[in-house]
2 protein chains.
Amino acid sequence: MESQGFSGEQIATQCERRLSDCGIRPTGQRVRIATLLLCAPQHLSAEQILESLRASGARVSKATVYNTLNLFAERGLIRQLSVDGSRAWFDSNVDAHYHFHDTTTGALIDVPIPDVEFSRLPAPPAGTEVAGIDIVIRLRKKS
Amino acid sequence: MESQGFSGEQIATQCERRLSDCGIRPTGQRVRIATLLLCAPQHLSAEQILESLRASGARVSKATVYNTLNLFAERGLIRQLSVDGSRAWFDSNVDAHYHFHDTTTGALIDVPIPDVEFSRLPAPPAGTEVAGIDIVIRLRKKS
DNA sequence: TTCCTTGCAAAACTTTTGCATTAAA
DNA sequence: TTTAATGCAAAAGTTTTGCAAGGAA
């Protein structure tokens, strides 16, 4: 769960700073959730986060996980994805990018922006402008 | 709810034939749901379909609506969309196409295939192939 | 103290399932 | 008659909410 030689404690401190920068009070639970989610680009469900935190001994409620994820998403710290109807996925990579969705395994894989190029896009309807483009490339096992 | 001068009854008959062609027994409820959904390209939720049928006097259960929509989707008669996390939308247009999603009104608008052109796409990961591409262009009110 | 956050339980919502009843072939 | 579809209620899964208790400033 660590990266580039930083200790878990140092990552937690970095996360605290990121929360503060977003105007979010860095409470214990929020820092735990942020540390889990922001340590690397990844896609997690609320349930996975809850389980992971409890497995590591933390006392967290479902309500707090959802409240926190919604707060983070609102402040642009994470992104909520709708790739299958079953549940929400929270993406710690908020840079613009697209996704592969492996329909066999359920896995989500980031597709960097430069890997997709449009030579034509429709004009938005009158009175509207484009707020963003979501692309999901569905994958199946090669036959 | 009618189009091109066809009566409701004629449309229902056409729908019956389409169901039979897909190997689906054209029961009363199924024909009603198909008639509602297939009379024009549109995006409806299960709840909207249930309400609409009941408003027109039909006796239908929630279970049947869901079972029927899942059956139709499985047989390729309609397509299930995941555009917001809140619920599933059922699209009666099964030809390949993309979507505008108006985040202000919640409306879904079809984007025909020729309106989008790629000059670059990522190669699918080894062992997989592309099963389909979903694009949602999010719209907001022009500022 | 005052305000915000948390946990718990319950509620709200969407979707699925079990089972007795009904309709279709 | 035989099989499959329907309705109802209940269950299951995800997400939200109300409220009392706890923590931060």
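Scroll up a little and you will see the structure.
Residues numbered from 1 in each chain as written. Chains lettered and ligands numbered in written order. Predicted model: local features only at pLDDT ≥ 70, side-chain atom pairs only at ≥ 80, totals over all residues. Heavy atoms only, no water.

### Quick word on the interface of chain A and chain B
- Taken together, the 37 residues of chain A in the interface contact 37 residues of chain B.
- For the pair chain A and chain B, the summed buried area comes to about 3,300 Å², and 54% of that belongs to carbon and sulfur atoms.
- Connecting chain A to chain B are six salt bridges.
- With a shortest N-O distance of 2.7 Å, R138 of chain B and D134 of chain A are connected by a salt bridge.
- Scanning the region where chain A abuts chain B turns up 18 residue pairs in polar contact (both at pLDDT 80 or more).
- Those elements that provide at least two residues to the side of chain A that touches chain B are β4 (97–102), β5 (108–112), β6 (117–120) and β7 (128–141) of chain A. (Contact = heavy atoms within 4.5 Å. Buried area = accessible area lost by both parts, 1.4 Å probe. Salt bridge = Lys/Arg side-chain N within 4 Å of Asp/Glu carboxyl O. Polar contact = N/O pair within 3.5 Å; in protein donor to acceptor, adjacent residues only side chain to side chain. Helix = DSSP H or I, 4+ residues; strand = E, 2+ residues; numbered from the N terminus.)

### Side note on the protein's contact with DNA strand C
- Close to DNA strand C lie 18 residues, the nearest being T27, Q29, R59 and T64 of chain A together with Y66 of chain B.
- Near the protein, within 4 Å, the atoms of DNA strand C are sugar or phosphate in 85% of cases.
- Q29 of chain A is positioned with one of its side-chain polar atoms (N or O) 2.3 Å from a phosphate oxygen of DNA strand C.
- A distance of 2.9 Å separates a phosphate oxygen of DNA strand C from a polar atom in the side chain of N70 of chain B.
- Of all the secondary structure elements, the ones that give two or more residues to the surface near DNA strand C are α2 (28–38) and α4 (62–74) of chain A together with α4 (62–74) of chain B.
- Broken down by element, the surface near DNA strand C gets its largest block of residues, five residues, from α4 of chain B.
- Looking at the surface near DNA strand C residue by residue, the class counts come to five nonpolar, seven polar and six charged. (Near = heavy atom within 4 Å. Nonpolar A, V, L, I, M, F, W, Y, C, P; charged D, E, K, R; others polar.)

### Here's the deal with the sheet that holds strand β1 (residues 43–44) of chain B
- One open sheet holds the three strands; their spatial order is β1-β3-β2 (chain B), and the pairing between them is antiparallel. Every interior strand has two partners, whereas the edge strands, β1 and β2 (79–81) of chain B, have only one. (Pairing = 2+ DSSP bridges.)

### A look at the protein's contact with DNA strand D
- Within the structure, DNA strand D sits among 18 residues, and Y66 and R87 of chain A together with T27, Q29 and R59 of chain B are positioned closest to it.
- Taking all atoms of DNA strand D within 4 Å of the protein, the share assigned to sugar and phosphate is 85%.
- At 3.3 Å, a side-chain N or O of R25 of chain B approaches a sugar or linking oxygen of DNA strand D.
- Q29 of chain B is positioned such that a nitrogen or oxygen atom in its side chain is 2.3 Å from a phosphate oxygen of DNA strand D.
- For the surface near DNA strand D, the secondary structure elements donating two or more residues are α4 of chain A together with α2 (28–38) and α4 of chain B.
- Element by element, the count of residues in the surface near DNA strand D is highest for α4 of chain A, at five residues.
- The residue makeup of the surface near DNA strand D, split by class, is five nonpolar, seven polar and six charged.

### As for the packing of α2 of chain B against helix α3 (residues 46–55) of chain B
All names here are of chain B.
- Closest axis-to-axis distance for the α2/α3 pair is 11 Å, and the angle between their directions is 110°. The orientation of α2 relative to α3 falls into the category roughly perpendicular. Crossing hand, α2 versus α3: right-handed. Taking contact as the criterion, the partners of R32, I33, L36 and L37 in α2 are, on α3, I49, S52 and L53. (Axes fitted to C-alpha atoms, helices over the stretch in contact; angles between N-to-C directions. Parallel < 35°, antiparallel > 145°, perpendicular 65-115°, else oblique. Left-handed = near helix turned anticlockwise from the far one by under 90°.)

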